[in-house]
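# Geometric and topological summary
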Amino acid sequence: MSSSNPDITGVILVGGQSRRMGTDKAFLDLDGRPLIERALEVCREVCGTVLLVGNRPERFGAYALPMVADIYPGSSLGGLYTGLSHAITPAIFAIPCDIPFPNAAIMQYLISRRDDYDAVVPITAHGAEPLFAVYAKACLEPMRQMLETGNVRINDLYSHVRTRYVEKAELNALDPSGTSFLNLNTPDDYERARGK
Ligand SMILES: Nc1nc2c(ncn2[C@@H]2O[C@H](COP(=O)(O)OP(=O)(O)OP(=O)(O)O)[C@@H](O)[C@H]2O)c(=O)[nH]1
C-alpha cells in the first residue's frame, strides 16, 4: 500500500452497538457504497496500514483487513486503546465508521501537525472530535489507566498527554462543504445525509 504516511496506522472503529440507528452503521449505504468503504478509502490514501477494531469480525471478512477485538470492550476509548496497542507504527489515525464524508486532506493536515505532540485533535462547532484524531503510543498508558478506573471520557485524556488542538478556523479551507465531521447516529441523520 503506498501512502504519504507509512508511519501511521489508520484505525477504523467498527464496534459499538448502533442502538440509535438500529442497524450496523458501518454498512449503511450512501450512493451505492457502505460507510465503511468511505473510511477505508481515505485510510488507504493517507495511512500506511489499516486496522479494523470491533467485536464482530464475521461481518468484515470480505475486506480481508486485519481486525482486532476490543481489549477493553464497551467504549470507543477501549477501541482507540486497542487500535493503538496493536499498531506497529508509532501513531494511529482514528476514524469512526459512521462518517459519510471523511476528508483525506484534513487527515493529512492533522498528521502534519504532530511535531512532538501525542494527540492531535480537531475542534469543530461541536467541540473536540476525539474519534477523528491522531494518537501516538505515549497515549497508551494514560488510556489504560482511565480504562482501568472506568473513566471512558476521551476528552479527559488530553490533560495527561501532549495535545495539539486544531481549531476550526484552521480547517475551514479544507472543509468547504462543512460536512467532513458529520456523523450518522439516527435514521434521521441518515436521511439527511442521503440528501447531500
Ligand atoms: N471498537 C469499538 N468501537 C466503538 C465502540 N463504541 C463505539 N464505537 C465506534 O465509535 C464510533 C462512534 O460510535 P457511537 O455513535 O458513539 O456509538 P455506537 O455504539 O456506534 O452507537 P449508539 O449505540 O447509538 O450509541 C463508531 O465508529 C462506532 O463503531 C466500542 O465499544 N468499540
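Residues numbered from 1 in each chain as written. Predicted model: local features only at pLDDT ≥ 70, side-chain atom pairs only at ≥ 80, totals over all residues. Heavy atoms only, no water.

Counting residues in hydrophobic clusters, the biggest one holds 33 residues, and the most contacted among them are Ile-12, Ile-36, Phe-93, Ile-95, Met-107, Leu-110 and Phe-132. Of all the elements in the fold, those that place two or more residues in this core are strand E1 (8–13), helix H1 (35–46), strand E4 (49–53), strand E6 (91–96), helix H3 (104–112) and strand E9 (133–136). Here this core gets 6 residues from one element, more than from any other, and that element is H1. Here Leu-110 is in contact with Phe-93, Val-120, Pro-122, Phe-132, Val-134, Val-166 and Leu-171, once residues within four sequence places are set aside. With 26 residues, the next largest nonpolar core counts Val-53, Ala-94, Ala-133 and Met-146 among its residues. (Core = buried A, V, L, I, M, F, W, Y, C linked by side-chain atoms within 4.5 Å. Buried < 20%, exposed > 50% of the residue type's maximum accessible area, 1.4 Å probe, protein only. Helix = DSSP H or I, 4+ residues; strand = E, 2+ residues; numbered from the N terminus. Contact = heavy atoms within 4.5 Å.)

Under the UniProt annotation, the feature "binding site: GTP" (unreviewed entry) is placed at Leu-13, Val-14, Gly-15, Lys-25, Asp-70 and Asp-98. Set against the largest pocket, the annotated residues named above that line it are Leu-13, Val-14, Gly-15, Lys-25, Asp-70 and Asp-98. Relative to the helices and strands, Val-14 resides in the loop between E1 and strand E2 (29–30). Val-14 sits in the buried class, given a relative accessible area of 1%. Residues in contact with Val-14, not counting those within four places in the same chain, are Ile-36, Leu-52, Val-53, Gly-54, Arg-56, Phe-60, Met-67 and Cys-97. Within the secondary structure layout, Gly-15 lies in the loop between E1 and E2. Given a relative accessible area of 29%, Gly-15 falls into the partly exposed group. If sequence neighbours within four positions are ignored, Gly-15 has contacts with Val-53, Gly-54 and Arg-56. (UniProt positions renumbered as here; feature names shortened; annotations may be inferred. 1 Å grid on protein atoms, 1.4 Å probe; cavity = no way out; pocket = protein on both sides within 12 Å on 5 of 7 lines; lining within 4 Å.)

This part covers the site of the ligand. If you check the shell around the ligand, you find 20 residues, and the closest are Gly-15, Gln-17, Arg-19, Lys-25 and Asp-70. Between an oxygen atom of the ligand and a main-chain N or O atom of Ser-18, the distance comes to 3.3 Å. A total of 610 Å² of accessible area belongs to the ligand in isolation, and the protein chains cover 87% of it. Assessed atom by atom at 2 Å from the grid points, the ligand resides in the largest pocket. Partitioned by chemical class, the residues of the shell around the ligand number 6 nonpolar, 9 polar and 5 charged. (Near = heavy atom within 4 Å. Polar contact = N/O pair within 3.5 Å; in protein donor to acceptor, adjacent residues only side chain to side chain. Areas by Shrake-Rupley, 256 points an atom, 1.4 Å probe, with all protein chains shown as cover. Sits in = over half its atoms within 2 Å of the grid points. Nonpolar A, V, L, I, M, F, W, Y, C, P; charged D, E, K, R; others polar.)

What follows deals with the side chain of Asp-24. For Asp-24, the position within the fold is in the loop between E1 and E2. From its side chain, Asp-24 meets the backbone nitrogen of Ala-26 in a polar contact 3.1 Å long. Here Arg-59 takes part through its side chain, which lies 2.6 Å from a polar atom of the side chain of Asp-24. Residues in contact with Asp-24, not counting those within four places in the same chain, are Ser-18, Arg-56, Arg-59 and Phe-60.

This brings us to the environment of Ser-112. Among the structural elements, Ser-112 can be located in helix H3. Residue classification places Ser-112 among the partly exposed residues on the basis of a relative accessible area of 37%. In this structure, the C-alpha to C-alpha distance between Ser-112 and Asn-5, residues 107 residues apart in sequence, is 9.6 Å. In this structure the side chain of Ser-112 is engaged in a polar contact, spanning 2.6 Å, whose partner is the backbone oxygen of Tyr-109. A polar contact is formed between the side chain of Ser-112 and the side chain of Arg-113, at a distance of 3.4 Å.

Checked against the element boundaries, Ser-180 lands in the loop between helix H5 (168–171) and helix H6 (187–194). Engagement of the side chain of Ser-180 in a polar contact is seen with the side chain of Asn-103, the distance being 3.1 Å. Only 2.6 Å separates the side chain of Ser-180 from the side chain of Asp-175, close enough to count as a polar contact. Contacts of Ser-180, omitting those with residues within four sequence positions, involve Ile-99, Phe-101, Pro-102, Asn-103, Ile-106 and Asp-175.

Applying the stated criterion across every chain yields a total of 10 salt bridges. Measuring nitrogen to oxygen at the nearest pair gives 2.8 Å for the salt bridge that ties Arg-153 to Asp-156. Among the residues examined, Arg-153 registers a relative accessible area of 55% and is labelled exposed. Of the charged contacts, one joins Arg-194 and Glu-191 as a salt bridge, the two residues approaching to 3.3 Å between their closest N and O atoms. Pair noted here: Arg-194 and Glu-191 are both in helix H6, with a separation of 3 residues, about one helical turn. Residue class for Arg-194 comes out partly exposed when judged on its relative accessible area of 47%. (Salt bridge = Lys/Arg side-chain N within 4 Å of Asp/Glu carboxyl O.)

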